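Observations on chain architecture
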Amino acid sequence: MRATVLHGERDVRFEDVPEPAILKPTDAIIRLSATCICGSDLWPYRGLNDIRGPLHMGHEYCGVVVEVGSAVTSVSPGEFVVGSFCLSDNTCPHCRFGFQSSCVQREFMTGAQAPFARVPLADGTLVALPAHPADDLIPSLLAASDVLGTGWYAADAARVRPGATAVVVGDGAVGLMGVLAARQLGAERIIAMSRHKTRQDLALEYGATDIVVERGEAGVARIKEMTRGVGADSVLECVGTAESMQQAVGVTRPGGMIGYVGVPHGVQFEGSKLFGAQIGMLGGPAPVRRFLPHLLDLIVQRKIDPGKVFDLALPIADVAEGYRAMDERRAIKVLLRP
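A short tour of the structure in this document, coming up. As the structure is a computational prediction, the values presented were derived from the model and not from experiment. (Residues numbered from 1 in each chain as written. Predicted model: local features only at pLDDT ≥ 70, side-chain atom pairs only at ≥ 80, totals over all residues. Heavy atoms only, no water.)

The antiparallel open sheet is built from three strands, whose spatial order is 2-1-4. The sheet terminates laterally at strand 2 (11-16) and strand 4 (55-56), the two strands that pair on one side only. Where strand 1 (residues 2-8) and strand 4 come together, two bridges link them in antiparallel fashion. Following the sheet pairing, Leu6 is matched in strand 4 by Leu55. (Pairing = 2+ DSSP bridges. Helix = DSSP H or I, 4+ residues; strand = E, 2+ residues; numbered from the N terminus.)

Time to look at the pattern of salt bridges. Charged atoms that come close allow side chains of opposite charge to pair. Summed over the entire model, instances satisfying the criterion amount to 19 salt bridges. Residues Glu205 and Lys308 are paired through a salt bridge, measuring 2.3 Å at the closest nitrogen-oxygen approach. Taken as a pair, Glu205 in helix 7 (residues 197-206) and Lys308 in the loop between helix 11 (288-300) and strand 17 (312-315) lie far apart in primary sequence, 103 residues in all. We classify Glu205 as partly exposed; its relative accessible area is 48%. Where Glu328 meets Arg330, a salt bridge forms, and the shortest distance between an N and an O atom there is 2.7 Å. Taking the relative accessible area as the measure of exposure, Arg330 reaches 47% and is therefore partly exposed. Within the structure, one salt-bridge network assembled from shared partners comprises Glu9, Arg10, Arg46 and Asp327. (Salt bridge = Lys/Arg side-chain N within 4 Å of Asp/Glu carboxyl O. Buried < 20%, exposed > 50% of the residue type's maximum accessible area, 1.4 Å probe, protein only.)

A few words on the packing of helix 5 (residues 147-157) against helix 11. Between helix 5 and helix 11, the shortest axis-to-axis distance is 10 Å and the interhelical angle comes to 110°. Relative to helix 11, helix 5 is oriented roughly perpendicular. Crossing handedness for the pair helix 5 and helix 11: right-handed. Packed against helix 5, whose contacting residues are Leu148, Gly149, Thr150, Trp152, Tyr153 and Asp156, the element helix 11 presents Val288, Arg290, Phe291, His294, Leu295, Leu298 and Ile299 at the interface. By residue class, the composition of the contact of helix 5 with helix 11 is eight nonpolar, three polar and two charged. (Axes fitted to C-alpha atoms, helices over the stretch in contact; angles between N-to-C directions. Parallel < 35°, antiparallel > 145°, perpendicular 65-115°, else oblique. Left-handed = near helix turned anticlockwise from the far one by under 90°. Contact = heavy atoms within 4.5 Å. Nonpolar A, V, L, I, M, F, W, Y, C, P; charged D, E, K, R; others polar.)

What follows deals with the sheet that holds strand 13 (residues 210-212). The strand order across the open sheet built from six strands is 13-12-11-14-15-16, with neighbouring strands paired in parallel fashion. The open sheet has two edge strands with one neighbour each: strand 13 and strand 16 (280-283). Each strand axis lies, on average, 20° off the axis of its neighbour in the sheet, ignoring direction. Pairing of strand 12 (residues 189-193) with strand 13 involves three bridges; the strand directions are parallel. Bridged to Met193 within strand 13 is Val212. Against the sheet, helix 8 (residues 216-226) contacts strand 11 (165-169), strand 12 and strand 13, and its axis sits at roughly 165° relative to strand 12.

Now for the packing of aromatic side chains. Counted according to the given criterion, the structure contains five aromatic pairs. Ring geometry for Tyr45 against Tyr323: centres 5.1 Å apart, planes inclined by 40°, an arrangement best described as tilted. With Tyr45 in helix 1 (residues 42-45) and Tyr323 in helix 12 (residues 319-327), the pair connects residues that are 278 residues apart, well separated along the chain. Neither Tyr45 nor Tyr323 differs from the other in exposure class; each is buried. Summarising the aromatic geometry, the rings of Tyr153 and Phe291 are spaced 6.4 Å apart at their centres and angled 40° between planes, so their arrangement reads as tilted. Of the two residues, Tyr153 is situated in helix 5 and Phe291 in helix 11; the sequence distance between them amounts to 138 residues. The buried category is assigned to Tyr153, whose relative accessible area is 1%. Of the aromatic side chains, those joined through ring pairs into one cluster are Phe97, Phe99, Tyr153 and Phe291. Here Arg290 stacks its cationic end above the ring of Phe99, 4.9 Å away from the centre of that ring. (Phe/Tyr/Trp six-rings, centres within 6.5 Å; stacked < 30°, edge-to-face > 60°. Lys NZ or Arg CZ within 6 Å of the ring centre and 35° of its normal.)

See the structure below:
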C-alpha cells in the first residue's frame, strides 16, 4: 500500500510501504475511514524536531476493524472504532486514575496517514460505536481521536466550571476545540486570542464571547482590562511556544488554573514568578481515552460538531499539498480521505 512518510524538512511523500500486520496478540488492524494532518506534525515537517530516519506519519484515526490479535476482546472485525493518539492498556494504575496518556505501556500512534493502520494495545485504546456512523459524522468522530480530546483536556485541566471566565491562547484546531469544550463545560465568558478572521468566526460559532487580537504584553494588558484587573479563572494554553505560555501565565488570576496542551518548544519558567503568581498548572499529552466515550456520545447525538475544524479535505494521495496548506496557514486542519 501507499502511505505518508516524512524524509526530511518539508519533504513528505506518499509512497509504497509494507501493509500493516498483527505483530502482537494485543494489536488490531483497521481500515481508515478518514485521517488528517495535526498541527504537531508541522514541528518535524518544519525541521524543528530531529528526524532520525523516515517517519511514518499520522496519529489521528477512525475506521473499521479488519483483524484483531488473539488477546483482543473489546473490539471485533467489522466494528467502527475511534482511538486515542496515545495508546494505552487502560488497566494500569495511571490509566485507572484517568491518565491513560501516562500508561506504563504507553506508545504513541504512528502510520495513520494511510489506508490501513496497526493499532497496538487495541483493548485499552479503541472505542467501538454501536453502529456504523453516517458519513457526515466521520470528520467529527475523527476529531475526537486527538484535537477534540486534547482541547477538552485543556478545559478540564484548567478546571473550567459553570460561570467561569476562560481564556483560550491559540486559534489552531486544538484552541478552537478548547473553546467548544469550555462552552460545553459551562464557562460564562470565553475569550479567544486570535488574529485570523476565519478562525475568529469559528471560535465565535463554538461559543467564544470575546476575541482578543493583541499578543504578548499587549494581549495580557487587554485581557486584564476586560476582566477589571482580575484575570481569568481558567486559561487554556494550546500552542506551546514561550510567548504563548507567558501570555497564559500573565492572564491567569491568583488561584486560577492553566491547562497546557501545546507541545513545549523553548518554554522556560522562572520559579519566583510562579511562586508569586499563585496559579496552578496541569497539562501534557491529553488522556483522550478518558473522554472518548462521552465525546463520541455527544457527536453521535449531534450535540457538538467538532468536524467543522476541518476546512480543507483532500484525497490522501495529495497529502503533501495538505502539509503545505497548514504550514502556510491556508488551512486550519486538513482532512484526508483514503
